[in-house]
Amino acid sequence: MLLDDGTYERTPGREQALKAEGVVMIVWQIASFGIPALATDGVAALLVYVPVVIEENVERNRHGGLGLPWEKLLQCGLEALSGRKGRFEFQMYDPAWQNLGKVDGTNRIVLNLLTTAYVKPLTTTGTL
């Protein structure tokens, strides 16, 4: 699910990237998708939704810009963000991606990812 809070169009650097390279990738507003595990000592596993928006200014990207169409960027994003990355393990959310269409010459696609974040109170050794 992708919701707009009215500030998306003012994302710093977005317009410049679309004009220069023709593409931009933005980690958008993360959201809590629940707590799948909670221990009595306060340690918790939080399921976090991480949307990554790919935007392509088709005319610029494919004629003098980065030169990678959104389909290739999507594939690279899926490959790069699958599996364990440092302390986080990413998994695809269903649907793994959504094509939000083309508006004013700009394609907009969103990768839907989940990760589990662990929270441990400062006073516990943790049991999770």
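Structure: above.
For clarity, every value in this text was computed on a predicted model and none was experimentally measured. Residue indices follow the written sequence of each chain, beginning from 1 at its first position. Where local features are concerned, this predicted model is filtered to residues with pLDDT of at least 70; where side-chain atom pairs are given and counted, the filter is 80 or more; whole-chain, interface and lining totals use all residues. Side-chain calculation: all heavy atoms of the structure are included, whereas hydrogens and water are not.

### Remarks on the packing of aromatic side chains
Argument step 1. Pairing of aromatic side chains requires ring centres within 6.5 Å, counting the rings of Phe and Tyr and the six-membered ring of Trp. Pairs whose planes differ by under 30 degrees are stacked, by over 60 edge-to-face, and all others tilted. Enumeration according to the criterion identifies four aromatic pairs in this entry.
Argument step 2. Ring plane angle 75° and centroid distance 5.3 Å describe the contact between Phe 33 and Tyr 93, whose orientation is recorded as edge-to-face. Taken as a pair, Phe 33 in the loop between strand S2 (31–32) and strand S3 (37–38) and Tyr 93 in strand S6 (residues 88–103) lie far apart in primary sequence, 60 residues in all.
Argument step 3. Here a set of aromatic residues connected by ring pairs shows up, and it is made of Phe 33, Tyr 49 and Tyr 93. Strands are runs of DSSP state E lasting at least 2 residues, helices are runs of H or I lasting at least 4, and numbering of each runs from the N terminus.

### Brief notes about the pattern of salt bridges
When charged atoms on two side chains of opposite charge get close, those side chains can pair.
Argument step 1. For this document, the term salt bridge refers to a Lys or Arg side-chain nitrogen within 4 Å of an Asp or Glu carboxyl oxygen. Counted by the stated rule, this structure contains five salt bridges.
Argument step 2. The salt bridge involving Arg 62 is made with Glu 71; its shortest N-O contact spans 3.5 Å.
Argument step 3. Each residue is assigned to one of three classes by its accessible area relative to the maximum for its type, calculated with a 1.4 Å probe on protein chains only: buried under 20%, partly exposed between the two thresholds, exposed over 50%. Overall, Arg 62 belongs to the partly exposed group, its relative accessible area being 39%.
Argument step 4. Overall, Glu 71 belongs to the partly exposed group, its relative accessible area being 40%.

### Brief notes about unusual backbone geometry
Argument step 1. Here Asp 94 and Pro 95 are connected by a cis peptide whose omega angle stands at 5°.
Argument step 2. Take Pro 95: it is sitting in strand S6.
Argument step 3. With a phi close to 50°, Asp 104 is a non-glycine residue in the positive phi region.
Argument step 4. By secondary structure assignment, the location of Asp 104 is in the loop between S6 and strand S7 (106–119).

### Focus on the side chain of Glu 56
Argument step 1. Note on placement: Glu 56 falls in strand S4 (residues 44–57).
Argument step 2. A distance of 2.7 Å separates the side chain of Glu 56 from the side chain of Arg 62, its partner in a polar contact.
Argument step 3. Polar contacts, as counted here, are pairs of nitrogen or oxygen atoms within 3.5 Å of one another; within protein the pair requires one atom able to donate a hydrogen and one able to accept it, and residues that are adjacent in sequence qualify only if both atoms are side-chain atoms. Within polar-contact distance, the side chain of Glu 56 engages the backbone nitrogen of Trp 70 at 3.4 Å.
Argument step 4. Contact definition: two residues touch when any of their heavy atoms are within 4.5 Å. Excluding residues that lie within four positions of it along the chain, Glu 56 makes contacts with Leu 18, Gly 22, Val 23, Asn 61, Arg 62, Leu 68, Pro 69, Trp 70, Gly 105, Thr 106 and Asn 107.

### Quick word on the nonpolar core
Argument step 1. Residues grouped as a nonpolar core are buried Ala, Val, Leu, Ile, Met, Phe, Trp, Tyr and Cys residues, joined through side-chain atoms within 4.5 Å. Membership of the largest hydrophobic core comes to 14 residues, with the highest contact counts inside it found for Val 50, Val 52, Ile 54, Leu 74, Ile 109, Leu 111 and Leu 113.
Argument step 2. Put simply, the parts of the chain that give this core at least two residues each are S4, helix H3 (70–80) and S7.
Argument step 3. Residues contacting Leu 113, with those up to four places away along its chain left out, are Val 48, Tyr 49, Val 50, Val 52, Leu 81, Phe 90, Gln 91, Met 92 and Tyr 93.

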